[in-house]
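Residue-level structure breakdown
Single-letter residue listing:
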Amino acid sequence: GAVQHREGGSGFSGPAARTDPRMAAAENPMLPESIPLGPGIAVVAERYGLDPALVQAVIEVESGEDASAVSSRGAQGLMQVLPETAAWLGFPESADPAVSLEAGCHYLRALLDSFGGDVELALAAYNAGPGAVRRWGRVPPYRETQVFVSRVAASYRRLTGVEMGDAFGGGGRT
């Protein structure tokens, strides 16, 4: 599932929309050029107020932890961000694994903010686009999107021993 932005204007609010992630990366001398799995992911996830296990679960499902992965739609990196989405978020060099991770975390945070912290809806929007989730008012009935959300939840459960819904307030909300 490629991350796609299909609407004009961000419509996002919250901390991620108010901070320039390029500056956050530039101001962090500890951020290596290529983020290793594990601690490097946690650093970036926590910068956006994300559960590192959730980010790791998205990475496992999106790219199989392959930083050089490129989808048939052109999505790149660990979190499979489309170059146009990365550019829209202010990350023009999305082929760089560290930049792709940063863009993916920024986008996931923005989607969580946009969908009131509902993790399932944010994940569905990450896969199908926020417009599809808004049109349906729930996880859209697209097989790819439903499988994506289910696989991320299973990966999260494997990583943490906790159901994703329980970890985020019972209703999938942060």
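Residues numbered from 1 in each chain as written. Predicted model: local features only at pLDDT ≥ 70, side-chain atom pairs only at ≥ 80, totals over all residues. Heavy atoms only, no water.

Here we look at the pattern of salt bridges
A full pass over the atoms with the stated rule returns 5 salt bridges. Put simply, Glu-60 and Arg-158 hold a salt bridge, and the shortest N to O gap is 2.3 Å. Within this pair, whereas Glu-60 is found in helix 4 (residues 52-63), its partner Arg-158 is found in helix 9 (residues 143-160), the two being separated by 98 residues in sequence. The exposure class assigned to Glu-60 is buried, which follows from its relative accessible area of 18%. Of the residues examined, Arg-158 reaches a relative accessible area of 54% and is grouped as exposed. In this structure, Arg-157 and Glu-163 form a salt bridge, with 3.0 Å as the shortest nitrogen-oxygen distance. Taking relative accessible area as the criterion, Arg-157 reaches 35% and is therefore assigned partly exposed. Overall, the relative accessible area of 37% leaves Glu-163 in the partly exposed class. (Salt bridge = Lys/Arg side-chain N within 4 Å of Asp/Glu carboxyl O. Helix = DSSP H or I, 4+ residues; strand = E, 2+ residues; numbered from the N terminus. Buried < 20%, exposed > 50% of the residue type's maximum accessible area, 1.4 Å probe, protein only.)

Structural notes on helix 3 (residues 39-47)
Buried within helix 3 we find Gly-40, Ile-41, Ala-42, Val-44 and Ala-45. Elements in contact with the buried residues of helix 3: helix 4 and helix 6 (97-114). (Contact = heavy atoms within 4.5 Å.)

Structural notes on unusual backbone geometry
One non-glycine residue with positive phi stands out, namely Glu-65, at about 65 degrees. Within the fold, Glu-65 resides in the loop between helix 4 and helix 5 (83-88). Assessed through its relative accessible area of 33%, Glu-65 is described here as partly exposed. One non-glycine residue with positive phi stands out, namely Gln-80, at about 50 degrees. With respect to the secondary-structure elements, Gln-80 resides in the loop between helix 4 and helix 5.

A few points about the confidence of the model for the protein
When pLDDT is averaged along the protein, the result is 80; 75% of the residues meet or exceed 70. Across residues 1-36, where pLDDT falls below 50, the model places 76 contacts with residues more than four positions away in sequence or in other chains. (pLDDT = per-residue confidence, 0-100.)

Digging into the environment of Ala-45
Relative to the helices and strands, Ala-45 is located in helix 3. Here Ala-45 falls in the buried class, since its relative accessible area comes to 0%. Along the primary structure Ala-45 and His-106 are separated by 61 residues, whereas in three dimensions their C-alpha atoms are 8.7 Å apart. In contact with Ala-45, not counting residues within four places along its chain, are Leu-50, Asp-51, Pro-52, Val-55 and Cys-105.

Observations regarding the environment of Asp-96
Within the secondary structure layout, Asp-96 lies in the loop between helix 5 and helix 6. You can call Asp-96 partly exposed: its relative accessible area is 27%. Separated by 29 residues in sequence, Asp-96 and Ala-67 have C-alpha atoms that sit 8.7 Å apart. From its side chain, Asp-96 meets the backbone nitrogen of Val-99 in a polar contact 3.0 Å long. (Polar contact = N/O pair within 3.5 Å; in protein donor to acceptor, adjacent residues only side chain to side chain.)

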